[in-house]
Amino acid sequence: MNAPRVADDDEGCESEPEVQEEDTATLSVAPPASCTVTLSVCLSATFRVPVLYFTAHHLNGSPLPLGDILSSSIFHARSATPAYPFTTLEPANDDDDEPRPAPFLSQGDHPTLGTPAWFLHPCETEAIVKEVLEGRESPDDGWEREWLETWFMVVGSVVDLRE
């Protein structure tokens, strides 16, 4: 809450000055600024799975901080189901570490551009895709395409991949 301010009275008031609360309802709020998001998919040399990398910048070129990224439209709304907790932006519940706002999100150098980028950490990618594909009849040829389509489906449940 804002501190009260003393109202000025040009006519000279004989009583104590009137205290008025600042009306926060009349404060103007700047609309959210637009940003530029660049998405790319690279193969993780360590995990041997695709990884989604992205950068997000204000229109003036400065990078968006993590808080702005998480509150932007880059990610879908927080609609995770208990079966798939990786789709939530809620803090992790590790007893040893401080909660992280997005445990699946990491920052590092883009593998081909060498520039700082955010990426969806690939450590559980293979297990998640296998779980989604479990019980499906796999084609003898073309399984790579089905696997990649499933990966895009999983990533698309977290990140808005639409242009």
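This one's a predicted model, so the numbers in the text were calculated from it and none came from an experiment.

This part is about the pairing of strand 4 (residues 50-58). Regular strands place their side chains on alternate faces of the sheet. Of all 9 residues in strand 4, 7 are buried; the element is thus mostly enclosed. The pairing of strand 3 (residues 35-43) with strand 4 spans 9 bridges and is classified as antiparallel. Along strand 4, the bridge assignment pairs Thr36 with His57. Taking the residues that link successive antiparallel strands as the turn, the strand 3-strand 4 hairpin has 6 residues, and the phi of Arg48 there is positive, at about 60°. Inspection of the sheet shows strand 4 paired to strand 6 (residues 116-120) by 2 bridges, in the antiparallel sense. Bridging from a neighbouring strand, Phe54 pairs with Trp118 of strand 6.

We now examine the pattern of salt bridges. Per the counting criterion, the structure on display carries 4 salt bridges. A salt bridge links Arg162 to Asp160; the shortest N-O distance between them is 2.9 Å.

Before going further, it helps to spend a moment on the pairing of strand 6. Among the 5 residues that make up strand 6, 4 are buried, leaving the element largely enclosed by the rest of the structure. Examined bridge by bridge, strand 5 (residues 105-109) and strand 6 share 5 bridges and lie antiparallel to one another. Across the sheet, the residue bridging to Gly108 is Ala117, located in strand 6.

Okay, the confidence of the model for the protein chain next. One rule of thumb: low pLDDT means the predicted coordinates there are not for detailed reading. Residue-level pLDDT values for the protein chain average 75, and 63% of them are 70 or greater. Counted against residues more than four places away or in other chains, residues 80-92, with its pLDDT under 50, gives 28 contacts.

Turning our eyes to something else, we now look at the nonpolar core. In this structure, Phe54, Ile69, Ile74, Phe75, Leu105, Leu120 and Val159 are the most contacted members of the largest nonpolar core, which totals 20 residues. Contributions of two or more residues to this core are made by strand 4, helix 1 (66-71), strand 6, helix 2 (125-133) and helix 3 (143-156). Setting aside its immediate chain neighbours within four residues, Val159 contacts Leu52, Ile74, Phe75, His76 and Leu120. In this structure, Cys42, Tyr53, Ala117 and Phe119 belong to the second largest nonpolar core, which totals 5 residues.

What counts, and at which threshold
- Numbering of residues starts from 1 in each chain and follows the order in which that chain's sequence is written.
- In keeping with the predicted nature of the model, local features appear solely for residues at pLDDT of at least 70, side-chain atom pairs appear and are counted solely at 80 or more, and the whole-chain, interface and lining totals rest on all residues.
- The side-chain figures draw on all heavy atoms in the structure; neither hydrogens nor water molecules are used.
- Burial here depends on accessible area, computed with a 1.4 Å probe over protein chains only, as a share of the maximum for the residue type. Under 20% is buried, over 50% is exposed, and the range in between is partly exposed.
- Secondary structure elements follow DSSP: runs of H or I no shorter than four residues count as helices, runs of E no shorter than two count as strands, and numbering proceeds from the N terminus.
- Strand pairing requires that DSSP identify at least two bridges connecting the strands.
- Salt-bridge detection follows one rule: a side-chain nitrogen of Lys or Arg within 4 Å of a carboxyl oxygen of Asp or Glu.
- Within a predicted model, pLDDT stands for the predictor's per-residue confidence, ranging from 0 to 100.
- What makes two residues a contact is simply this: any of their non-hydrogen atoms within 4.5 Å.
- The criterion is simple. A nonpolar core is a set of buried Ala, Val, Leu, Ile, Met, Phe, Trp, Tyr and Cys residues joined through side-chain atoms within 4.5 Å.

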